[in-house]
Amino acid sequence: MLCTALGIVLGVVVSLYALFELHYFLRMCLCVVSARYLKKRMHILDTGTVLGLCLTNDIDTLLYHMNNARYLREIDFARVDFYERTSLYRTIRSKGGSVVQGATTIRYRRFIRPFTRFTISSRIVYWDNQSIFMEHRFLGGTDGFIHCIALCRQRVMQCSVEDVMATLLKSGISVQSAPKKVPANTTSSTECLEKVESGTGVDTASLSKPDLPPEVAKWLEWNDISSASLRSEC
């Protein structure tokens, strides 16, 4: 009887792995639980970080560095962590909206070797009324070298991004540690909030939308050209 039960359980597990990428779903659930219940909350303009480790199931056929596709997969986990800790996803849902990945561009600068630790830093660099633009950096665990950098466009539907961001900017969620890097025209949100709480005053523009980065402007231009070209083929 016990052998039969164990055989059924094993068969179910094998079937799940055959039909779904079970490891991905399990890790995604772990990321959500960790960000929601174990990690500290962040302000929407802060930089979030998650730790990573290149394992044997992350490497390519050459066996000495991380598979290029795995970088985008790791960004998925980092993005979910950022969404949960800043309440970005919950705020979008509360306004009747939804969010999807609209575009991604990625640059590989130096490969990550097996069993090497790295950190992914994630921050919002710009937004318009329809999209949120996030930057993700893969930093070396020892030297902080930027191994890879990605720019992602999150398309928000059924609600206004400006409305969502205005709500989050006014939320006043303070954090215990300041981000490693913030947009050039902004002050650390932690510092700003501390000034507000202490009554010393702060320029409200420092907690407003960052200027459009030049690389994002060029990227948007490329996307528009690509869209126009594709529409002309239809």
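Above: the structure in question.
Residues numbered from 1 in each chain as written. Predicted model: local features only at pLDDT ≥ 70, side-chain atom pairs only at ≥ 80, totals over all residues. Heavy atoms only, no water.

A. Fine view of the overall build of the protein. The helix and strand inventory of the protein stands at seven helices and five strands. Of the regular secondary structure in the protein, the N- to C-terminal order runs α-α-β-α-α-β-β-β-β-α-α-α. Of all 234 residues assigned to the protein, the portion counted as buried reaches 41%. The contacts in the protein between residues at least 6 apart in sequence include a share of 72% that link residues at least 24 apart. When the accessible area of the protein is evaluated, it comes to approximately 13,300 Å², of which 59% is carbon and sulfur surface. (Helix = DSSP H or I, 4+ residues; strand = E, 2+ residues; numbered from the N terminus. Buried < 20%, exposed > 50% of the residue type's maximum accessible area, 1.4 Å probe, protein only. Contact = heavy atoms within 4.5 Å. Areas by Shrake-Rupley, 256 points an atom, 1.4 Å probe, with all protein chains shown as cover.)

B. How the structure looks around the packing of helix α2 (residues 22-38) against helix α3 (residues 68-86). Running from N to C, α2 and α3 point in directions that differ by 30°, and their axes come no closer than 8 Å. The orientation of α2 with respect to α3, classified from their angle, is roughly parallel. Along this stretch, α2 crosses α3, giving a crossing that reads as right-handed. The segment α2 lies against α3, with His23, Tyr24, Arg27, Met28, Cys31, Val32, Ala35 and Arg36 engaging Arg73, Glu74, Asp76, Phe77, Val80, Asp81, Glu84 and Arg85. Each residue belonging to the contact of α2 with α3 can be placed in one class, and the counts come to seven nonpolar, one polar and eight charged. (Axes fitted to C-alpha atoms, helices over the stretch in contact; angles between N-to-C directions. Parallel < 35°, antiparallel > 145°, perpendicular 65-115°, else oblique. Left-handed = near helix turned anticlockwise from the far one by under 90°. Nonpolar A, V, L, I, M, F, W, Y, C, P; charged D, E, K, R; others polar.)

C. Broad picture of the sheet that holds strand β4 (residues 131-140). Strand order across the open sheet formed by five strands is β1-β3-β4-β5-β2, with antiparallel pairing between neighbours. Each of the sheet's edge strands pairs with one partner strand only, and the pair in question is β1 (48-53) and β2 (98-108). Averaged over neighbouring strand pairs, the angle between their axes works out to 25° when direction is ignored. Bridge analysis of strand β3 (residues 117-127) against β4 gives nine bridges, and the strand direction is antiparallel. Bridge pairing links Ser122 to His136 in β4. Strands in contact with α3 are β1, β2, β3, β4 and β5 (146-157); relative to β4, the strand with the most contacts, it is inclined by about 120°. (Pairing = 2+ DSSP bridges.)

So far we have only geometry, and geometry alone does not tell us how the molecule works.
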